[in-house]
Amino acid sequence: MTNSINRSQSAALFEEAKNYFPGGVNSPVRAFKSVSGPPLFIKKGDGCRIIDEDDNIYIDFCCSWGPLILGHNNDAIREFVTETVANGTSFGTPSRLGNELGKLIIENNRFIEKMRFVSSGTEAVMSAIRLARGVTGKNKVIKFEGCYHGHVDSLLVKAGSGLATFGVSTSAGIPPSFAAETLVLPLNDPDALEATLAQHADDIACIIIEPIPANNGLLLQEKSFLECLRLKCYKYGVLLIFDEVISGFRIGFEGAAGYYNIQPDIMTYGKIIGGGMPVGAYAASAEIMAHIAPEGAVYQAGTLSANPVAMAAGYAASKQLLAPDFYENMAKKTAKFVGSIQAHCDANGYEVSIPHIGSIFWIAFSKKRILAADQIEAASMEKFKILHHELLQSGIYLGPSGYEVGFVSAAHTEADLEEASTKIKTALDIVFN
Ligand SMILES: *Cc1c(COP(=O)(O)O)cnc(C)c1O
């Protein structure tokens, strides 16, 4: 139907990039391996739209994988970053802007008292795990199948076979002894949790979970499961880490902890916290954070941590997120957008459901409610591949994998979402016909 759009510049740049970077990319999922064609080389973004090197324009639902909740090239962020960078980029000293962002975040989050800025989500998680081990004097970690926590060695693991839940690494280069420090459990399964804690709690430092698992589809958990997790961690003397690298500042300023009103022991942040710059953070009570050097014995440091330019971006973003009704409006427009696509699918008998929460959504090619990673059918990814291809043709950009969620930003207007939903419906008609 649609004429093939010209992607020759992106294709040529990708061929060149293969000379410099493994697989032509600096982060694997960017390579479009699970969809068709070369990845787009984007040269510019404004509001909810991105423009590639061939001058094609797309409405963007990837939003740099989540950070850009205010859309591209946000005026206030750009202006404050520009003003700040004029004074230099990094001093390796404390700065006033670090205080200001720390204060703004802590004063508006009931679940944390102190925090430490780092430069990525992975770094935040790695440090939080070390902190949990330092505080408890225990070594093992429980994670859940289908949750992603960055490329931390001991967390790139899946469940082993049989009854043993000790992890098996999912990447070369991870010593089996590291993977064996991690136990992997299925999501939403209180019985497996109780059995594992009853047996191993003496060795377990912490349980880490994405309270809103959004890296393997959107596996929305029952609130009762998260509450059960909280209570069992108290019962067994295990620290609970909420990895809020996606959900933090996305579902509300207080993230999933605020949404579900559950107090974790340690929280990790990334993505939105930096307003589009590389920032991560971990946070907890003052008592737990007192274990971090130089106050305590858990060492963690960072050359570019809390550099003023990144702090300026985070500050300018946070100010906007704290505007009244910001999150209500985001959730409302996302629900309307998703609802309209869902209604079209239902009316036509398409096997599609679109779980969503706040401004996160996921297009699942199944009618069943999916709560755990093993409920996603690999075959459904063929449908996603067609959908992704059709949407590129019509000017809609989704992350290039059916396991990735989509993000709506404050820059997506009702009219943009109307345009996008019409195009998505047309693309789904092609997928199913
Ligand atoms: C993205 C992500 C990470 C890793 O963050 P990076 O900044 O990519 O290192 C960790 N945890 C979760 C839940 C994430 O979504």
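Residues numbered from 1 in each chain as written. Predicted model: local features only at pLDDT ≥ 70, side-chain atom pairs only at ≥ 80, totals over all residues. Heavy atoms only, no water.

Here's the deal with the overall build of the protein chain
1) Next: A count of helices and strands for the protein chain gives 13 helices and 16 strands.
2) Next: With the principal axes as the frame, the protein chain shows a C-alpha extent of 60 × 55 × 45 Å.
3) Next: Among the 433 residues that make up the protein chain, the fraction classed as buried is 55%.
4) Next: For the protein chain, long-range pairs separated by at least 24 residues make up 72% of all intrachain contacts whose partners lie at least 6 apart in sequence.
5) Next: Just so you have it, the protein chain exposes about 18,500 Å², and 53% of that area is on carbon and sulfur atoms. (Helix = DSSP H or I, 4+ residues; strand = E, 2+ residues; numbered from the N terminus. Buried < 20%, exposed > 50% of the residue type's maximum accessible area, 1.4 Å probe, protein only. Contact = heavy atoms within 4.5 Å. Areas by Shrake-Rupley, 256 points an atom, 1.4 Å probe, with all protein chains shown as cover.)

Here we look at the pattern of salt bridges
1) Next: Scanning all chains against the criterion turns up 18 salt bridges.
2) Next: Between Arg49 and Asp416 there is a salt bridge whose closest N-O contact spans 3.0 Å. Of the two residues, Arg49 sits in strand β2 (residues 49–52) while Asp416 sits in helix α13 (residues 414–432), which places them 367 residues apart along the sequence.
3) Next: Its relative accessible area of 26% is what places Arg49 among the partly exposed residues. (Salt bridge = Lys/Arg side-chain N within 4 Å of Asp/Glu carboxyl O.)

Here we look at the packing of aromatic side chains
1) Next: Enumeration according to the criterion identifies 14 aromatic pairs in this entry.
2) Next: Taking 6.4 Å as the distance between ring centres and 65 degrees as the angle between the ring planes, the aromatic pair formed by Tyr58 and Tyr397 counts as edge-to-face. Here Tyr58, found in strand β3 (residues 57–60), pairs with Tyr397, found in strand β15 (residues 396–397); they are 339 residues apart in sequence, far enough to count as distant.
3) Next: A centroid spacing of 4.5 Å and a plane angle of 5 degrees characterise the contact between Tyr350 and Phe432, whose relative ring orientation is stacked. (Phe/Tyr/Trp six-rings, centres within 6.5 Å; stacked < 30°, edge-to-face > 60°.)

Concerning the site of the ligand
1) Next: Close to the ligand lie Ser120, Gly121, Thr122, Tyr148, His149, Gly150, Glu210, Asn215, Asp243, Val245, Ile246 and Lys271, which account for all nearby residues.
2) Next: Relative to its free-state accessible area of 380 Å², the ligand is covered by the protein chains to the extent of 83%.
3) Next: By residue class, the composition of the shell around the ligand is three nonpolar, six polar and three charged. (Near = heavy atom within 4 Å. Nonpolar A, V, L, I, M, F, W, Y, C, P; charged D, E, K, R; others polar.)

Comments concerning the sheet that holds strand β9 (residues 204–209)
1) Next: Read from one edge to the other, the open sheet built from seven strands follows the order β4-β12-β11-β10-β9-β5-β8, with strand pairing classed as mixed. Strands with a single pairing partner mark the edges of an open sheet, and in this sheet they are β4 (114–118) and β8 (182–185). Each strand axis lies, on average, 20 degrees off the axis of its neighbour in the sheet, ignoring direction.
2) Next: Here strand β11 (residues 266–269) pairs with strand β12 (residues 280–284) via four bridges, running antiparallel. Considered in β12, the bridge of Thr268 is made with Tyr282.
3) Next: Where helix α4 (residues 121–136) meets the sheet, its contacts fall on β4, β5 (140–144), β9, β10 (239–243), β11 and β12, and the angle it forms with β11 comes to roughly 165 degrees. (Pairing = 2+ DSSP bridges. Axes fitted to C-alpha atoms, helices over the stretch in contact; angles between N-to-C directions.)

Notes on α4
1) Next: Its 16 residues place the ends of α4 23 Å apart at the C-alpha level, agreeing with the 22 Å of an ideal helix rising 1.5 Å per residue.
2) Next: Those residues of α4 lying buried are Gly121, Thr122, Glu123, Ala124, Val125, Ser127, Ala128, Ile129, Leu131 and Ala132.
3) Next: Looking at the residues trailing α4, positive phi occurs at Gly137, about 70 degrees. (Expected span 1.5 Å × (residues − 1).)

As for the pairing of β9
1) Next: The buried fraction of β9 amounts to six of the six residues, a majority that puts the element mostly inside the structure.
2) Next: Pairing of β9 with β10, which is carried by four bridges, proceeds in the parallel orientation. Across the sheet, Cys206 pairs through a bridge with Leu239, a residue of β10.
3) Next: Between the parallel pair β9 and β10, the chain is carried across by helix α7 (residues 223–236), and the sense of this crossover is right-handed. (Right-handed = clockwise from strand over helix to strand, strands pointing away.)

What about unusual backbone geometry?
1) Next: Residue Pro294 follows Ala293 across a cis peptide bond; omega there is 10 degrees.
2) Next: Relative to the assigned elements, Pro294 resides in the loop between α9 (286–289) and α10 (308–321).
3) Next: At Ser64, a residue that is not glycine, the phi angle is positive and equals roughly 60 degrees.
4) Next: Along the chain, Ser64 falls in the loop between β3 and α2 (75–85).
5) Next: Judged by its relative accessible area of 41%, Ser64 falls in the partly exposed class.
6) Next: Within the chain, Phe249 stands out as a residue other than glycine whose phi angle is a positive 65 degrees.

So, the layout of surface pockets
1) Next: Each pocket or cavity is described by its volume, and for the second largest pocket that value is around 460 Å³.
2) Next: Along the wall of the second largest pocket there are 19 residues; nearest its centre are Thr93, Pro94, Ser95, Ser305 and Ala306.
3) Next: Those elements giving two or more residues to the lining of the second largest pocket turn out to be α3 (96–107) and β4.
4) Next: Broken down by element, the lining of the second largest pocket gets its largest block of residues, four residues, from α3.
5) Next: Across the lining of the second largest pocket, the residue classes break down as six nonpolar, eleven polar and two charged. (1 Å grid on protein atoms, 1.4 Å probe; cavity = no way out; pocket = protein on both sides within 12 Å on 5 of 7 lines; lining within 4 Å. Points joined across faces, edges and corners; volume = space filled by probe spheres on them.)

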